[in-house]
Amino acid sequence: MLLVDDEELVRAGLRAILDAQPDIEVVGEAADGATVVPLVRRLRPDVVALDVRMPLLDGIEATRAILRSVPDPPGILVITTFEEDAYVYEALRAGANGFLLKRARPAEIVHAVRLVAEGDSLLFPAAVRRLAAGHGNDSARRTLQRAALTGREREVLRLMAGGLSNAEIAGRLVLGGETVKSHVSSVLAKLGARDRTQAVITAYESGFVTPG
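Q: I keep staring at the sheet that holds strand β2 (residues 28-30) and nothing clicks. Help me out?
A: Sheet strands line up and pair through hydrogen bonds in the backbone, either parallel or antiparallel. On the basis of which strands lie adjacent, the open sheet formed by 5 strands has the order β2-β1-β3-β4-β5 and parallel pairing. A single partner strand is all that each edge strand has here, and the edge strands are β2 and β5 (98-101). In this sheet, neighbouring strand axes are inclined to one another by 20° on average, regardless of whether the strands run parallel or antiparallel. In terms of strand pairing, strand β1 (residues 2-4) meets β2 through 3 bridges, oriented parallel.

Q: How should I be thinking about helix α9 (residues 166-173) in this particular structure?
A: Among the residues of α9, Ile169, Ala170 and Leu173 are the ones counted as buried. All buried residues of α9 lie within an arc of 100° about the axis, which places them on one face of the element. Exposed and oriented more than 90 degrees from the buried face of α9 are Ala167, Gly171 and Arg172. If you follow the buried residues of α9, they end up packed against α8 (151-161), α10 (177-191) and α11 (196-205). Directly after α9, the chain includes Val174, whose backbone phi takes a positive value near 55°.

Parameters at a glance
Residues numbered from 1 in each chain as written. Predicted model: local features only at pLDDT ≥ 70, side-chain atom pairs only at ≥ 80, totals over all residues. Heavy atoms only, no water. Pairing = 2+ DSSP bridges. Helix = DSSP H or I, 4+ residues; strand = E, 2+ residues; numbered from the N terminus. Axes fitted to C-alpha atoms, helices over the stretch in contact; angles between N-to-C directions. Buried < 20%, exposed > 50% of the residue type's maximum accessible area, 1.4 Å probe, protein only. Arc of directions from axis to C-beta. Contact = heavy atoms within 4.5 Å.

Nothing here speaks to function; it is all geometry.
Shown next, in the form of structure tokens:
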């Protein structure tokens, strides 16, 4: 786990919470996104938590730099004070796996880190809906059209956009867990999405799912 935030107190608080867990180790800290890529290459963390607003290189550009420059990149969580921050949305679009609120409870922080370390995404449907409002674009519409999702895949994408987990989708559609996992993987591949978060953003921006 690598912590990147220009506020030393925030880093200290996160380190105290995470280092107390037997399965999580904070391997490094940084005060700005400008130093992230070399640190990720040297330390090889499974997860990077990045402040979305930093003075030299913010969390959006740091996310892009990691995904562009690091083979087999780590999961990325952006840290924010306000969940409706436009910076958060841009970081998610850039490829971050989710975001953490600075006021989150310790158990929520630990859960988020574990989830992203396992290769999953941390999606807050209500926040994404609000952030996606007004971000419709032709590129997303073309992406969805080219994807030619099957009827079942469209159902799965709609439920993903509602924040349902694979298990919840399986229960809603009366399908096996492995079948749902296969559908989710197919949706991601067809949309060219890195993870569930990017697939859901495409769903909203294309108009396939409407905010509200």
